[in-house]
Amino acid sequence: MPRTELVVRVFVAAPDDVRDEVTALFEVVEELNRIHSLHSGVRLEPVNWRTDAVPGLGTDPQAVIYDQIGGEYDIFVGILWAKFGMPTPRAGSGTEEEFENARRRYQSDPKSVRVMLYFKNAPIALDDIDPTQLASVRGFRSRVGNEALYSTFADHDDFVSLLRLHLTRHIQFWAESHLR
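Because the structure is a prediction, the values reported are computed rather than measured.

**Student:** What's the story with the overall build of the chain in this structure? I'm lost.
**Tutor:** When you go through the chain residue by residue, the secondary structure sums to 6 helices and 5 strands. Ordered by position from N to C terminus, the α and β elements of the chain give β-α-β-α-α-β-α-β-α-β-α. In terms of C-alpha radius of gyration, the chain reaches 16 Å, essentially the compact-globule figure of 16 Å for 180 residues. Referenced to the eigenvectors of the C-alpha coordinate spread, the extents of the chain come out at roughly 50 × 35 × 30 Å. The burial tally for the chain puts 48% of its 180 residues in the buried class. Of the contacts formed within the chain by residues at least 6 apart in sequence, a portion of 75% connects residues at least 24 apart. One finds the centroid of the 20 positive side-chain charges in the chain at a distance of 5 Å from the centroid of its 27 negative side-chain charges.

Shown next, in the form of structure tokens:
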């Protein structure tokens, strides 16, 4: 049994239409910690603006979030469906800005952050479709598809299965490379 515990911070970037998936991620992290942390020495810690940022002032809301959370995470998880989110002064949405920050970190040091992107591939109710938001998600997916391998999922169970698999692999990676 490892003596050292390594905390691996998992930053979750996602607009409002995938709140259920964000909740599922927190639940999967809790489950994986119960199953793996004692033996692997690795504990995942989810980070999200809704749970880890507090109200404050800045040049804009996204800047307040970044000032509080910053780049202090090891795994970036981006989740998108039909909404891209609110634009910031620096990007088309907060999620895009957070992805770009993670990408810059990766480009300067590939060992500094792991990046995982998920796109929900489920039907969207006509009343919930904002054509501009949906076009922004599709454009983003097309742009990142040139350099990133991403996963798509159809529903809650599909997403949870993917997360369990992918995060377990990350736990194994961190345990093998940082604690042995």
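Anyway, onward from the coordinates.
**Student:** Even after reading the chapter, I still don't get the pattern of salt bridges, so can you show me in this structure?
**Tutor:** Applying the stated criterion across every chain yields a total of 13 salt bridges. Among the salt bridges present, the one from Asp-60 reaches Arg-90, with a minimum N-O distance of 2.8 Å. With Asp-60 in the loop between helix 2 (49-52) and helix 3 (61-69) and Arg-90 in the loop between strand 3 (75-80) and helix 4 (94-108), this pair connects stretches of sequence that are 30 residues apart. With relative accessibility at 11%, the residue Asp-60 sits in the buried group. For Glu-147, the salt bridge identified is with Arg-103, shortest N-O distance 2.1 Å. Linking Glu-147 in the loop between helix 5 (131-144) and strand 5 (151-153) with Arg-103 in helix 4, this pair joins segments that are 44 residues apart in sequence. Judged by its relative accessible area of 48%, Glu-147 falls in the partly exposed class. A single salt-bridge network, built from bridges that share partners, covers Glu-5, Arg-9, Arg-43 and Glu-45.

**Student:** I keep staring at the packing of aromatic side chains and nothing clicks. Help me out?
**Tutor:** Centre distance and the angle of the planes are the two values used to describe a pair of aromatic rings. Overall, the coordinates contain 11 aromatic pairs when judged by the stated rule. Seen in terms of ring centroids, Phe-119 and Tyr-150 are 4.9 Å apart; in terms of plane orientation they differ by 75 degrees. Their pairing is edge-to-face. In this pair, Phe-119 is assigned in strand 4 (residues 114-120) and Tyr-150 in the loop between helix 5 and strand 5, connecting sequence segments 31 residues apart. Residue Phe-119 is classed as buried on the basis of its relative accessible area, which comes to 2%. Here Tyr-150 falls in the partly exposed class, since its relative accessible area comes to 26%. On the numbers, 5.4 Å between centres and 75 degrees between planes, the contact of Phe-173 with Trp-174 is edge-to-face. The exposure class assigned to Trp-174 is buried, which follows from its relative accessible area of 6%.

The rules behind each value
- Residues numbered from 1 in each chain as written.
- Predicted model: local features only at pLDDT ≥ 70, side-chain atom pairs only at ≥ 80, totals over all residues.
- Heavy atoms only, no water.
- Helix = DSSP H or I, 4+ residues; strand = E, 2+ residues; numbered from the N terminus.
- Rg over C-alpha atoms; globule rule 2.2 N^0.38 Å.
- Buried < 20%, exposed > 50% of the residue type's maximum accessible area, 1.4 Å probe, protein only.
- Contact = heavy atoms within 4.5 Å.
- Lys, Arg positive; Asp, Glu negative; His and termini not counted.
- Charge placed at Lys NZ, Arg CZ, Asp CG, Glu CD.
- Salt bridge = Lys/Arg side-chain N within 4 Å of Asp/Glu carboxyl O.
- Phe/Tyr/Trp six-rings, centres within 6.5 Å; stacked < 30°, edge-to-face > 60°.

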